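Report on the structure
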Amino acid sequence: MTPLNFDFHCHSLASDGLLPPEELAQRAAANGVDLWALTDHDTLGGLAAGEQAASAAGMAFVNGVEISIEWQGRPIHIIGLGFDRQHPDLADGLETLRVGRVERAKRMGEALAAIGIPGVYEGALQFATNPDLISRAHFARYMVSIGIAREVSGVFPQYLTPGKPGYVEHRWPTLANAVGWIVAAGGVAVVAHPGRYRMGGGDMRKFLGDFKDLGGQGLEVTCGSHSPDHVLHFARLARYFTFHASRGSDFHGPEESYVDLGKLPQLPVDLKPVWRLIL
Ligand code: AMP
Ligand code: MN
Ligand code: MN
Ligand code: MN
């Protein structure tokens, strides 16, 4: 039997993606996705439109979100899937998180002004379709528009990553916060793109153990930013911790993503796909 083509990771204009939820749904369906989740950063604002458009395209839909947290001082992303989007614990937690993002963005603007690039916070806001959710991606797009670099991917390593002038320290929610909100709302918590965190093996096992102890159930094994070696490595960790495996393109838009919706390898066949916990 052919495995389902599920894609449980992507972003719309509600956060830092480049397409509205409706266009993402149509694109996913056209690419052969059977089961789709919209996982905007720290907001549920695109889900109603995503669900409607998925239904119109004849594709099954799952509520999703990608929550920014820190664990032992490291920024990490936790995906929530299949939750009740009205649940107050999750909605209120994300609301507080977004207020923190605005405050962080203002400090980023001040830090860039201090090196002679003024007005970047205000400029970035113009790239944020949803003014309630501002991310470094909006900063990068604005900085490209004023000629600081040719591409978004050129802005990050020079200005927006740790140690660079536009990067500011920020307190994100904890792992316990994010997993707690997701579980309270009846959802499944999944570690996003584990290959992106520069963690040694010991730290990764400690992190995944903490995540599991808190009620986390899933690990993104196949995703847009994983090499074939990452897939093998995190498949082993999923087996070891008995996590269900997720698969997600992390699509942001046609110009900014290497992998299109649904266009990524299938999971290693012995892993339990995370959709089994949701459908
Ligand atoms: P934030 O959540 O505000 O810290 O912004 C992180 C977002 O910036 C990610 O979700 C990506 O969309 C984008 N991003 C991070 N690093 C890079 C990079 N090296 N190149 C392009 N986009 C990036
Ligand atoms: Mn993003
Ligand atoms: Mn992420
Ligand atoms: Mn993402």
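Structure first, text after, so check above.
Computed from a prediction, not measured in an experiment: that's the story for all the values here.

1. Topic: the packing of aromatic side chains
Summed over the entire model, instances satisfying the criterion amount to eight aromatic pairs. Judged by centre distance (6.5 Å) and plane angle (25°), the ring pair of Phe207 and Phe211 falls under stacked. With Phe207 and Phe211 both in helix α8 (residues 201-213) and four residues apart, the pair spans about one turn of that helix. Side by side, Phe207 and Phe211 carry an identical accessibility label, which is buried. Here the aromatic cluster, defined as three or more aromatic residues joined through ring pairs, consists of Trp71, Phe207, Phe211, Tyr240, Phe241 and Phe243. Here Arg276 stacks its cationic end above the ring of Trp275, 5.8 Å away from the centre of that ring.

2. Focus: the coordination of the manganese ion (ligand 3)
Protein-derived ligands of the manganese ion (ligand 3) are Glu66 (OE), His77 (ND1) and His193 (NE2), with the metal-ligand distances lying across 2.1 to 2.2 Å. Sequence spacing among the residues donating to the manganese ion (ligand 3) works out to E-x10-H-x115-H. In this structure, the manganese ion (ligand 3) lies 5.9 Å away from the manganese ion (ligand 2). In this pair, Glu66 sits in strand β3 (residues 60-71) while His77 sits in strand β4 (residues 74-81), placing the two residues eleven residues apart along the sequence.

Quick notes on the rules
- Residues numbered from 1 in each chain as written.
- Chains lettered and ligands numbered in written order.
- Predicted model: local features only at pLDDT ≥ 70, side-chain atom pairs only at ≥ 80, totals over all residues.
- Heavy atoms only, no water.
- Phe/Tyr/Trp six-rings, centres within 6.5 Å; stacked < 30°, edge-to-face > 60°.
- Helix = DSSP H or I, 4+ residues; strand = E, 2+ residues; numbered from the N terminus.
- Buried < 20%, exposed > 50% of the residue type's maximum accessible area, 1.4 Å probe, protein only.
- Lys NZ or Arg CZ within 6 Å of the ring centre and 35° of its normal.
- Donors = N, O, S within 2.8 Å, 3.2 Å for Na, K, Ca; no water.

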